[in-house]
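Given next are the chains, with one letter for each unit.
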Amino acid sequence: PHIISHKTGKVCKEVEIGFLYPNKKEQWIRLSSVPIFDKHSVISRIITTLSDVTDTRKNRQRLHETELLYTNIFSVMKEAIIVLNSNREFVVCNSSGEQFLDIANSLRENYGKLGLVNEQLIEIPEEEFPSRKTFQTGKPCIDSIVGIPRGTKEYQWIMVNTQPIF
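**Structural notes on the overall build of the chain**
Next up, step 1: In terms of regular secondary structure, the chain is built from 4 helices and 7 strands.
Next up, step 2: Beginning at the N terminus, the succession of helices and strands in the chain can be written as α-β-β-β-α-β-β-α-α-β-β.
Next up, step 3: Expected size for 166 residues packed as a compact globule is a radius of gyration near 15 Å; at 28 Å, the chain overshoots this value by more than 25%.
Next up, step 4: Each of the three principal axes of the chain carries a C-alpha extent, and together these read 85 × 45 × 30 Å.
Next up, step 5: For the chain, the residues scored as buried account for 20% of the 166 residues in total.
Next up, step 6: Nonlocal contacts in the chain, meaning residues at least 24 apart in sequence, comprise 31% of its contacts between residues at least 6 apart.
Next up, step 7: Taking the average location of the 21 positive side-chain charges in the chain and that of its 20 negative ones, the two points are 10 Å from each other.

Next comes the structure, spelled out in structure tokens:
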């Protein structure tokens, strides 16, 4: 960055350079250079800062690897995982979650409501859905049994668990 700033007269920011030592140790340095001009607009000096970013790069790599691992696990789970934001909008879901959402959307389109029932076959009002309760109270709902209509008086029974993420 020092040479670039000298040749161009421009700031050169956050260039990372890696070193591999004979003992196989890696080190990463981040450099930034700023040209300083005299009263005649000629570069009189260049200030270059250096910082060791080896740990930051290692942590970023570990985070990336962990994200890949959890993304792979998340995508192949049989359980439906659906993440909502604070506005109750869908952020992400796995393929099982997509299947559930497709069923939910189909029920809403065909019947104007989900028509979910509890174990006593009493329809659950939308404000009593486990996800709604979690949003209202900030507390998880564990092992809520919910029936999804599958034709006349037939239901697919699912267990719903919700967990707020702060």
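**Regarding the confidence of the model for the chain**
Next up, step 1: Per-chain confidence: the chain averages 88 in pLDDT, with 96% of residues scoring 70 or above.
Next up, step 2: Within the chain, the element-level pLDDT minimum falls on helix 3 (residues 95–111), averaging 76, and the maximum on strand 2 (residues 26–37), averaging 96.

**A few points about a nonpolar patch on the surface**
Next up, step 1: Taken together, the side chains of Val-11, Val-34 and Ile-47 present a nonpolar region at the surface, about 230 Å² in accessible area.
Next up, step 2: When you line up the elements, Ile-47 lands in strand 3 (residues 43–52).
Next up, step 3: Given a relative accessible area of 45%, Ile-47 falls into the partly exposed group.

**Some details on the environment of Gln-120**
Next up, step 1: In this fold, Gln-120 is placed in the loop between helix 3 and helix 4 (130–137).
Next up, step 2: A sequence separation of 26 residues divides Gln-120 from Val-146, and the C-alpha atoms of the two residues are 9.9 Å apart.

**Remarks on the pairing of strand 1 (residues 12–20)**
Next up, step 1: Two elements, strand 1 and strand 2, share 7 bridges in a ladder whose sense is antiparallel. Among the inter-strand pairings, Gly-18 is bridged to a residue of strand 2, identified as Trp-28.
Next up, step 2: Taking the residues between adjacent antiparallel strands as the criterion, strand 1 and strand 2 are bridged by 5 residues, where Lys-24 takes a positive phi near 75°.

Cut-off values and rules
- Each residue is numbered by its place in its chain's sequence as written, counting from 1.
- Local features in a predicted model are, by the rule used here, given only for residues with pLDDT of at least 70; side-chain atom pairs are given and counted only at 80 or more, and totals for whole chains, interfaces and linings are based on all residues.
- Each side-chain value is worked out from all heavy atoms of the structure, with water and hydrogens disregarded.
- Secondary structure counts use DSSP, requiring at least four H or I residues in a row for a helix and at least two E residues in a row for a strand, with both numbered from the N terminus.
- The quantity called the radius of gyration is restricted to C-alpha atoms. Its globule counterpart is 2.2 Å times the number of residues to the power 0.38.
- Residue exposure (1.4 Å probe, protein chains only): buried if accessible area is under 20% of the type maximum, exposed if over 50%, otherwise partly exposed.
- Contacts are assigned to residue pairs that have any heavy atoms within 4.5 Å of one another.
- Only four residue types enter the charge count, namely Lys and Arg as positive and Asp and Glu as negative; His and the chain termini do not.
- Charge placement uses NZ in Lys and CZ in Arg. For Asp and Glu, CG and CD serve respectively.
- Along the chain, pLDDT gives the predictor's confidence residue by residue, from 0 to 100.
- Every patch collects residues that have over 30% relative accessible area and no salt bridge, joining them within 9 Å if they carry like charges and within 5 Å if they are nonpolar side chains (Val, Leu, Ile, Met, Phe, Trp, Tyr).
- Where accessible areas are quoted, they stem from the Shrake-Rupley method and a 1.4 Å probe; at the residue level, only the protein chains shown are allowed to cover.
- A pairing counts as a salt bridge when a side-chain nitrogen of Lys or Arg comes within 4 Å of a carboxyl oxygen of Asp or Glu.
- Think of it this way: DSSP has to see at least two bridges between two strands before they count as a pair.

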